[in-house]
Amino acid sequence: AQTVTQSQPEMSVQEAETVTLSCTYDTSENNYYLFWYKQPPSRQMILVIRQEAYKQQNATENRFSVNFQKAAKSFSLKISDSQLGDTAMYFCAFMKQYSGGGADGLTFGKGTHLIIQP
Amino acid sequence: NAGVMQNPRHLVRRRGQEARLRCSPMKGHSHVYWYRQLPEEGLKFMVYLQKENIIDESGMPKERFSAEFPKEGPSILRIQQVVRGDSAAYFCASSPRAGQGNTEAFFGQGTRLTVV
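Along each chain, residue indices are assigned from 1 in the same order as the chain's sequence is written. To label them, take the chains in the order written and letter them from A, then take the ligands in the order written and number them from 1. Two thresholds apply to this predicted model, a pLDDT of at least 70 for residue-level local features and 80 or more for giving and counting side-chain atom pairs, whereas whole-chain, interface and lining totals are computed over all residues. The side-chain values count all of the structure's non-hydrogen atoms but skip hydrogen atoms and water molecules.

**Q** Before we go on, may I ask you to explain the environment of A:Thr107 in this structure?
**A** All names here are of chain A. Secondary structure elements are defined from DSSP: runs of H or I of at least 4 residues count as helices, runs of E of at least 2 residues count as strands, and each element is numbered from the N terminus. Relative to the helices and strands, Thr-107 resides in strand E11 (residues 107-108). Take Thr-107: its relative accessible area is 23%, and that puts it in the partly exposed class. On a C-alpha basis, the gap between Thr-107 and Ala-93 in space is 5.3 Å, while along the polypeptide they are 14 residues apart. Note on definitions: a residue-residue contact is assigned when non-hydrogen atoms from the two residues lie within 4.5 Å. Those residues in contact with Thr-107 that sit more than four places away from it in its chain are Gln-2, Val-4, Cys-92, Ala-93 and Phe-94. Exposure categories follow from relative accessible area, calculated using a 1.4 Å probe and restricted to protein chains: below 20% of the type maximum is buried, above 50% is exposed, and the middle band is partly exposed.

Rendered as structure tokens:
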């Protein structure tokens, strides 16, 4: 079974600053995907960024980037030039990949509440 | 293309009643996942269904909970004889095809169940 740990229950930064959210995971699998989801007060789960474990290059999406360290089982999210609209819960998630093309459900961490101060 | 639709958004049930939560996946999606989110927690996987089949129900409580995804119509998560501990937000996600090359699951806005 997989576990995902987010050790920062809450973080607060000033607008325009850069912030890094940490995530570690534990698995014996070699093929998997990692995700960061954002959940604003509306409760909608929004995919922020995705990383395939077999790719060494870190994924980036505009102001969002990850630092994926496979050996250390670490997957942190960096938000550059933070904006007020980035205020939300952020969840790190793991998904096992099957060689035959199937996939499990997602295993989520407990989340980090990120607050961007004006 | 409408997103994943869940209804109702809010549901209040008395202890012992039944709760039925509905999820209409995105058009063209044949894979549905249900998750439960307790207060101050992340989402916990419950069940994964394809049309007319339960693929993985390892996260589903053994009693009182059931799920289906019929050939026609929405996926239904059914909770019988609800108890206060069932109070949570229940999320549905859908994807067009599970696995390699197509991993994004699109989430609905959830149903908040309150048991009084």
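**Q** What is the right way to read the interface of chain B and chain A from this model?
**A** Note: interface size is frequently given as the accessible area lost on complex formation between the parts. Facing the 27 residues of chain B at the interface are 22 residues of chain A. Where chain B abuts chain A, roughly 2,000 Å² becomes buried across the two surfaces, and 48% of that area is made up of carbon and sulfur atoms. Only one rule defines a salt bridge in this text: a Lys or Arg side-chain nitrogen within 4 Å of an Asp or Glu carboxyl oxygen. At the boundary of chain B with chain A, the tally comes to one salt bridge. Measuring nitrogen to oxygen at the nearest pair gives 3.8 Å for the salt bridge that ties B:Glu41 to A:Lys110. Any N or O atom pair separated by 3.5 Å or less is treated as a polar contact, with the protein-specific requirement of one donor-capable and one acceptor-capable atom, and with residues adjacent in sequence counted only for side-chain atom pairs. Across the contact surface, chain B and chain A share five residue pairs in polar contact (both at pLDDT 80 or more). Put simply, buried area is the surface a 1.4 Å probe can reach on two separate parts but cannot reach once they are joined, added for both.

**Q** Please clarify how the pattern of salt bridges should be interpreted in this entry.
**A** Pairing between side chains becomes possible if they bear opposite charge and their charged atoms approach one another. Scanning the entire structure with this criterion turns up nine salt bridges over all chains. A:Glu52 is the salt-bridge partner of A:Lys55, the closest N and O atoms lying 4.0 Å from each other. When its relative accessible area of 39% is taken as the criterion, A:Lys55 is described as partly exposed. For the salt bridge of A:Arg63 with A:Asp86, the shortest nitrogen-to-oxygen distance reads 2.9 Å. Residue A:Arg63 is found in the loop between strand E7 (60-61) and strand E8 (64-69), and its partner A:Asp86 is found in the loop between strand E9 (74-79) and strand E10 (88-96); the two are separated by 23 residues along the sequence. The class for A:Arg63 is buried, based on a relative accessible area of 19%. Its relative accessible area of 3% is what places A:Asp86 among the buried residues. Several salt bridges converge on common partners, so that one network encompasses A:Lys110, B:Glu41 and B:Lys44.

**Q** I'm lost on unusual backbone geometry in this one. Help?
**A** The phi torsion of most residues other than glycine is negative, and most of the peptide bonds are trans. Cis rather than trans, the peptide bond between B:Asn7 and B:Pro8 has omega equal to 0°. Tracing the backbone through its elements, the reader meets B:Pro8 in the loop between strand E1 (5-7) and strand E2 (10-13). In the Ramachandran plot, A:Lys73 falls in the positive-phi region, its phi being about 55° despite a non-glycine side chain.

**Q** When you look at the nonpolar core in this model, what are you seeing that I'm missing?
**A** In summary, soluble globular proteins display a tendency toward joint burial of nonpolar side chains. Only buried residues count toward a nonpolar core, which is a set of Ala, Val, Leu, Ile, Met, Phe, Trp, Tyr and Cys residues joined through side-chain atoms within 4.5 Å. Residues A:Tyr25, A:Trp36, A:Phe75, A:Leu77 and A:Tyr90 are the most contacted members of the largest nonpolar core, which totals 26 residues. For this core, the secondary structure elements donating two or more residues are strand E2 (10-14), strand E3 (19-21), strand E5 (32-39), strand E6 (46-52), E8, E9, E10 and strand E12 (112-117) of chain A. If one sorts the elements of this core by residue count, E10(A) sits on top with four residues. Not counting residues up to four positions away in its chain, the partners in contact with A:Tyr90 are A:Gln6, A:Leu21, A:Trp36, A:Tyr37, A:Lys38, A:Val48, A:Phe64, A:Leu77, A:Ile79, A:Gly111, A:Thr112 and A:Leu114. Counting 23 residues, the second largest nonpolar core, distinct from the first, contains B:Ala19, B:Leu21, B:Trp34 and B:Tyr90.

**Q** Explain the pairing of strand E5 (residues 43-50) of chain B here, please?
**A** Side-chain positions along a regular strand alternate between the two faces of the sheet. Residues and elements named next belong to chain B. Of all eight residues in E5, six are buried, a share of seventy percent or more. Of the strand pairs in this sheet, strand E4 (residues 31-37) and E5 are connected by seven bridges, and their pairing is antiparallel. Its bridge partner lying in E5, Trp-34 is registered against Val-47. Strand pairing requires that DSSP identify at least two bridges connecting the strands. Between E4 and E5, which follow one another and run antiparallel, lie five residues, and Glu-40 among them has a positive phi close to 60°. Of the pairings in the sheet, the one linking E5 to strand E6 (residues 53-56) comprises three bridges and is antiparallel in character. Bridge pairing links Leu-49 to Ile-54 in E6. The hairpin formed by E5 and E6 contains two residues between the paired strands, and Glu-52 there has a positive phi angle of roughly 70°.

**Q** What's the story with the environment of B:Glu57 in this structure? I'm lost.
**A** All names here are of chain B. With respect to the helices and strands, the residue Glu-57 is situated in the loop between E6 and strand E7 (65-68). The partly exposed category is assigned to Glu-57, whose relative accessible area is 45%. Separated by 10 residues in the primary sequence, Glu-57 and Val-47 have C-alpha atoms spaced 4.3 Å apart. Those residues within four positions of Glu-57 in sequence are excluded, and the remaining contacts are Met-46 and Val-47.

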